[in-house]
Amino acid sequence: MSTLFLRTLREDPVDAELPGHRLLVRAGYIRRVAPGIYSWLPLGMRVLAKVEGIIREEMDRIGSQEVRFPALLPREPYEATGRWTEYGPNLFRLKDRKDSDLLLGPTHEEMFCLAVKDLYSSYKDLPLALYQIQQKYRDEARPRAGILRGREFIMKDSYSFDVDQAGLQKAYDAHREAYVRIFNRLGFEYVIVHADSGAMGGSASEEFLAINANGEDTFVRDEHGYAANVEAVEVPQAKPVQVTVGPAHVEDTPDTPTIDTLVAALNANHPRVDGRSWTSADTLKNVIVMLVQPDGTREPLAIGLPGDREVDPKRLEVKVAPATVEPFEEKDFAANPALAKGYIGPGVLGESRASGIRYLLDPSIADGSAWVTGADEHGKHVLDLVHGRDFTADGTIQAAEIRDGDISPDGNGTLTLARGIEMGHIFQLGTKYAEALGLKVLDEHGKLVTVTMGSYGVGVTRAVGVVAEDNHDELGLAWPREVAPADVHVVATGKDPAVFVKADEIVRSLVEQGIDVIYDDRPKVSPGVKFKDSELIGVPTIVVVGKGLASGVVEIKDRRSGDRREVPVEAIIDAVVTEVNGS
RNA sequence: CGGGCUGUGGCGUAGUUUGGUAGCGCGCUUCGUUUGGGACGAAGAGAUCGCAGGUUCAAAUCCUGUCAGCCCGACCA
């Protein structure tokens, strides 16, 4: 350590929020250079190399082959797949001196596709799986949480190439198994959830989420092992129910533009015949949003859902992708006179009705159920309006919020919400990119078939961040052995030169045994500083060569448990080897 | 993009209200002492106080503008 490029900080960096991130900076693993952009120092590089090593081993094991594509890419392939525009402002774009458009790759589907197209043209060449570990660039609106969400980050992305769905399924299953092995080795808690492949296109899709309260993804679980990203939860279509109310009737409900004011007015002026009080769940709320297509086309969309639920913007966005969602504004209301703001009802909604706005219902709205909803006139609502009898919609949409306690999609469980960080995503991409870029091979009948692809990603730098978040205590980091920057941290302390001579010898022997060592040989640094640093850095095994040497012992300490014991100096190598191989 | 906050040696900060020699802790250098839990003493190096303009005899401090960063939200594979 006397020559290691490292400076630990005694105080917390002011710009780091999460504990793991703070410790990575304090312990000298990473340094922030700009928002969402980090430098990796020697200790950080060691951890990064360990994580990459695990990923390489597991990818190689399933026969995937490593390649490396540039981070700096030309515009044309991304133009061909539509992503130059579809990716929007999150794409880093730049120009060269000839004014040609370039981009910094946010993912590399295009490059993989073109590389295979370049070299392969027969079904005999397939199946094929390729991967790379590469810097990716996304101009995040707001980078945060240190390396958990940066603008530059390292990702392992791989792609499988097959001639048919059966082959794709096989490749997908192989990757799934590889990912389970990778994440089991990395040392953090995770869950595999059903996901929505969203804007990337494709079908079968699962995410590996690190379970973390600071995560940006919300997922649900039930007691029978069902787990899904909240975006991917499919609320089942409610079964038809018997109509139990009389004809629909319009009532005066002045000054009730919100659900709360409506419910209050109903209970005050229009009590139910059966004596139950009205709740927001008895009302049908109609929310209008503006969809904006990548080409700028704007189209309104109306969503009908029970009044006690909100539209979940994330769920909505993945359903309407690649369009984005913007609020429906005053001027939009003004442009559509059929809409009475605050009193909008199914009477005017729908492609064939007065507003002409496409109208989609939440699947929980059962055929035959009765609702209170807007009468499309200021100050009036309609009661006992029955779905199927009195109104219909253009379809359904899975956009309502999911809540703790909701019923599982299979009807047999209760959902619990939790937060996670997306660490890996595997999905069956299908032919979207192969189609766009013309990746076809001849099959055994001499016919051209479009190659079907799978896409599989792991956030590498993000994984380092998550491991740090999950493996620390008040003293510092406490790495799992598989990703620790070293196997053992040897501290030499004392003024007796014999200590350093002996420590040098121990370190040499350990290295000969193939053990990675960090050696604190700094002279004139007080023992307290060395101990604090060893705990902050977080190598799993710490060996202290110090005052015990006079009586022929050195100390071996477990970073995680804090357990320490004295070992005769001549037995220390064996003790460390056992420790390294055992835990 | 909206809201809040902050820019002062490498790091953490005081000073700004009320204009007057830029201070402290950590870190760094040298010498000496110290060596099992972030040691002690002495002597040092290191800052155009984010930037630009203005007011003033005088600006870290007041005014105007601008840039950057952090946090919350929107957004986000």
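Whatever comes next refers back to the structure up there.
Note that the coordinates shown come from a computational prediction; the quantities given were computed from them, not determined experimentally. The residue numbers shown here count from 1 along each chain, following its written sequence. As a convention, the first chain written is A and the first ligand written is 1, with the rest following in written order. It should be noted that, the model being predicted, local features are given only for residues of pLDDT at least 70 and side-chain atom pairs only at 80 or more, the latter also being counted only at that level, while totals for whole chains, interfaces and linings use all residues. For side-chain calculations, the full set of non-hydrogen atoms in the structure is used, while hydrogens and water are omitted.

## As for the overall build of chain A
Phase 1 of the analysis: The helix and strand labels rest on DSSP assignments: H or I over at least four residues marks a helix, E over at least two residues marks a strand, and numbering proceeds from the N terminus. Tallying secondary structure elements over chain A gives 14 helices and 31 strands in all.
Phase 2 of the analysis: If you line up chain A on its principal axes, its C-alpha atoms span 95 × 65 × 50 Å.
Phase 3 of the analysis: In this scheme, a residue with accessible area under 20% of its type's maximum is buried, one over 50% is exposed, and one in between is partly exposed, where area comes from a 1.4 Å probe on protein chains only. Looking at chain A as a whole, 52% of its 583 residues are labelled buried.
Phase 4 of the analysis: If you sum the accessible surface of chain A, you get close to 26500 Å²; carbon and sulfur atoms cover 51% of it.
Phase 5 of the analysis: Positive charges come from Lys and Arg alone, negative charges from Asp and Glu alone, with His and the N- and C-terminal ends not counted. Just so you know, the charge point we use is NZ for Lys, CZ for Arg, CG for Asp and CD for Glu. Across chain A, the 66 positively charged side chains and the 91 negatively charged ones have centroids separated by 6 Å. Every accessible area reported is derived by Shrake-Rupley at a probe size of 1.4 Å, with residue values counting cover from the shown protein chains alone.

## A short note on the environment of His 378
Phase 1 of the analysis: Looking at the element boundaries, His 378 is found in the loop between strand S18 (370–377) and strand S19 (380–386).
Phase 2 of the analysis: Among the residues examined, His 378 registers a relative accessible area of 59% and is labelled exposed.
Phase 3 of the analysis: Sequence separation between His 378 and Gly 411 is 33 residues; the distance between their C-alpha atoms is 39 Å.
Phase 4 of the analysis: Apart from the residues within four sequence positions on either side, His 378 is in contact with Ala 340, Lys 341 and Tyr 343. The contact criterion used is simple: two residues touch if any of their non-hydrogen atoms lie within 4.5 Å.

## Here's the deal with the nonpolar core
Phase 1 of the analysis: In terms of nonpolar packing, the biggest core is built from 54 residues, with Tyr 29, Val 51, Tyr 179, Leu 186 and Trp 479 touching the most fellow members.
Phase 2 of the analysis: At 8 residues, the largest contribution of residues to this core is made by helix H6 (residues 165–186).
Phase 3 of the analysis: A domain-level breakdown of this core finds at least three residues from each of domain 1 (43–233 + 417–466) and domain 3 (486–582).
Phase 4 of the analysis: By size, the runner-up hydrophobic cluster in this structure holds 25 residues, among which are Trp 84, Ala 434, Leu 437 and Val 441. What makes a nonpolar core is a set of buried Ala, Val, Leu, Ile, Met, Phe, Trp, Tyr and Cys residues whose side-chain atoms join them at distances within 4.5 Å. Bear in mind that the domain bounds are from an automatic or database domain assignment.

## Some points on the sheet that holds strand S15 (residues 298–306)
Phase 1 of the analysis: Here the rule is simple: two strands pair whenever DSSP picks up at least two bridges between them. Here we have 5 strands laid out as an open sheet, ordered S16-S14-S15-S17-S20, and mixed in their pairing. In this open sheet, the two edge strands, each paired with only one partner strand, are strand S16 (324–327) and strand S20 (395–396).
Phase 2 of the analysis: Across 4 bridges, the pairing between strand S14 (residues 284–292) and S16 is antiparallel. Paired with Val 292 across the bridge in S16 is Thr 324.
Phase 3 of the analysis: Sheet contacts for helix H8 (residues 313–320): S14, S15 and S16; angle to S16, the most-contacted strand, approximately 130°. Only the stretch in contact is used when fitting a helix axis, every axis being a line fitted to C-alpha atoms; angles between N-to-C directions are given from 0 to 180 degrees.

## A look at the side chain of Asn 286
Phase 1 of the analysis: By secondary structure assignment, the location of Asn 286 is in strand S14.
Phase 2 of the analysis: In terms of polar contacts, Asn 286 uses its side chain to reach the side chain of Tyr 359, at 2.5 Å.
Phase 3 of the analysis: Pairs of N or O atoms are called polar contacts if they sit within 3.5 Å, as long as, within protein, a hydrogen donor faces a hydrogen acceptor (for residues adjacent in sequence, only side-chain-to-side-chain pairs). At 3.0 Å, the side chain of Asn 286 forms a polar contact with the side chain of Thr 373.
Phase 4 of the analysis: Excluding residues within four positions of it along the chain, Asn 286 makes contact with Ile 303, Gly 304, Ile 344, Gly 345, Pro 346, Leu 349, Tyr 359 and Thr 373.

## A short note on the protein's contact with RNA strand B
Phase 1 of the analysis: Close to RNA strand B lie 42 residues, the nearest being Arg 10, Arg 138, Arg 142, Arg 149 and Glu 535.
Phase 2 of the analysis: A share of 46% of the atoms of RNA strand B within 4 Å of the protein falls on sugar and phosphate groups.
Phase 3 of the analysis: Within the side chain of Glu 317, one N or O atom sits 3.4 Å away from a phosphate oxygen of RNA strand B.
Phase 4 of the analysis: Lys 557 is positioned such that a nitrogen or oxygen atom in its side chain is 3.0 Å from a base oxygen of RNA strand B.
Phase 5 of the analysis: For the surface near RNA strand B, the secondary-structure elements that each account for two or more residues are H8, helix H13 (527–537) and strand S30 (553–558). Neighbouring residues are identified by heavy atoms, a residue being near a molecule or strand if any of them is within 4 Å of it.

## Concerning the pattern of salt bridges
Phase 1 of the analysis: The term salt bridge refers to a side-chain nitrogen of Lys or Arg lying within 4 Å of a carboxyl oxygen of Asp or Glu. Following the criterion strictly, the structure yields 34 salt bridges and no others.
Phase 2 of the analysis: One salt bridge connects Arg 83 with Glu 109, and the closest N-O pair in it is separated by 3.0 Å. Linking Arg 83 in helix H4 (residues 83–86) with Glu 109 in helix H5 (residues 109–119), this pair joins segments that are 26 residues apart in sequence.
Phase 3 of the analysis: The salt bridge involving Arg 309 is made with Asp 406; its shortest N-O contact spans 2.8 Å. Placement of Arg 309 in the loop between S15 and H8 and of Asp 406 in the loop between S20 and strand S21 (416–430) is noted, with a sequence separation of 97 residues between them. Grouping residues by exposure puts Arg 309 and Asp 406 together as buried.
Phase 4 of the analysis: Here the salt bridges do not stand alone but share partners, grouping Glu 57, Glu 58, Arg 61, Arg 181, Arg 185 and Glu 482 into one network.

## Regarding the sheet that holds strand S13 (residues 249–252)
Phase 1 of the analysis: The strand order across the open sheet built from 3 strands is S13-S19-S18, with neighbouring strands paired in antiparallel fashion. Either end of the sheet is taken by a strand with one partner, and the two such strands are S13 and S18. On average, each strand axis in the sheet is inclined to that of its neighbour by 30°, with strand direction left out of account.
Phase 2 of the analysis: Where S18 and S19 come together, 5 bridges link them in antiparallel fashion. Counted as the bridge partner of Ala 370 is Val 386 from S19.

## Considering unusual backbone geometry
Phase 1 of the analysis: With an omega of 5°, the peptide bond between Leu 126 and Pro 127 qualifies as cis.
Phase 2 of the analysis: You will see that Asp 99, though not glycine, has its phi angle at about 70°, which is positive.
Phase 3 of the analysis: With respect to the secondary-structure elements, Asp 99 resides in the loop between strand S5 (92–95) and strand S6 (101–104).
Phase 4 of the analysis: Residue classification places Asp 99 among the exposed positions, given a relative accessible area of 52%.

## Details of the pairing of strand S2 (residues 37–40)
Phase 1 of the analysis: Where burial is concerned, the two faces of S2 differ: the one with Tyr 38 and Trp 40 is buried and the one with Ile 37 and Ser 39 is not.
Phase 2 of the analysis: Bridge count between strand S1 (residues 30–34) and S2: 4 bridges; the pairing is antiparallel. Pairing of Arg 32 across the sheet is with Tyr 38, part of S2.

## Looking at the packing of aromatic side chains
Geometrically, a pair of aromatic rings is defined through the distance of the ring centres and the angle of the planes.
Phase 1 of the analysis: Side-chain rings of Phe, Tyr and Trp (the six-membered ring for Trp) are treated as a pair once their centres are within 6.5 Å; stacked means planes under 30 degrees apart, edge-to-face means over 60, and tilted covers the remaining angles. Within this structure, the stated rule accounts for 10 aromatic pairs.
Phase 2 of the analysis: By way of ring pairs, the aromatic residues Tyr 179, Phe 183, Phe 188, Tyr 190 and Phe 208 are connected into one cluster.
Phase 3 of the analysis: Directly above the aromatic system of Trp 278 lies the positively charged group of Arg 272, at a separation of 4.2 Å from the ring centroid. Should the NZ of a Lys or the CZ of an Arg lie within 6 Å of a ring centre and within 35 degrees of the ring normal, that charge is described as sitting over the ring.

## Description of the packing of helix H2 (residues 42–61) against H6
Phase 1 of the analysis: The contact between H2 and H6 brings their axes to 9 Å, and the two run at 155°. Judged by the angle between their axes, H2 and H6 are roughly antiparallel. For the element pair H2 and H6, the recorded crossing hand is right-handed. Here Val 51, Ile 54, Ile 55, Glu 57, Glu 58, Met 59 and Arg 61 of H2 come into contact with H6, specifically with His 175, Ala 178, Tyr 179, Arg 181, Ile 182, Arg 185 and Leu 186.
Phase 2 of the analysis: Of the residues belonging to the contact of H2 with H6, the class tally is 8 nonpolar, 1 polar and 5 charged. Comment on the angle field: the value is read as roughly parallel under 35 degrees, roughly antiparallel over 145, roughly perpendicular from 65 to 115, and oblique elsewhere. Note on convention: the crossing is left-handed when the near helix lies turned anticlockwise from the far helix by less than a right angle, right-handed when the turn is clockwise. Throughout, the ten residues Ala, Val, Leu, Ile, Met, Phe, Trp, Tyr, Cys and Pro are labelled nonpolar, Asp, Glu, Lys and Arg are labelled charged, and all others, Gly among them, are labelled polar.

## With respect to the layout of surface pockets
Phase 1 of the analysis: By volume, the second largest pocket amounts to about 520 Å³.
Phase 2 of the analysis: With a 1 Å grid laid over protein atoms only, a set of points is called a cavity when a 1.4 Å probe fits there but cannot get out and a pocket when it is open yet has protein on both sides within 12 Å along at least five of seven lines; lining residues have an atom within 4 Å of a point. In terms of lining residues, the second largest pocket is bounded by 22 residues, among which Val 245, Arg 272, Trp 278, Ala 370 and Asp 384 are the most central.
Phase 3 of the analysis: Here the lining of the second largest pocket gets 3 residues from one element, more than from any other, and that element is S18. Grid points are joined across faces, edges and corners, and a volume is the space filled by probe spheres set on the points.

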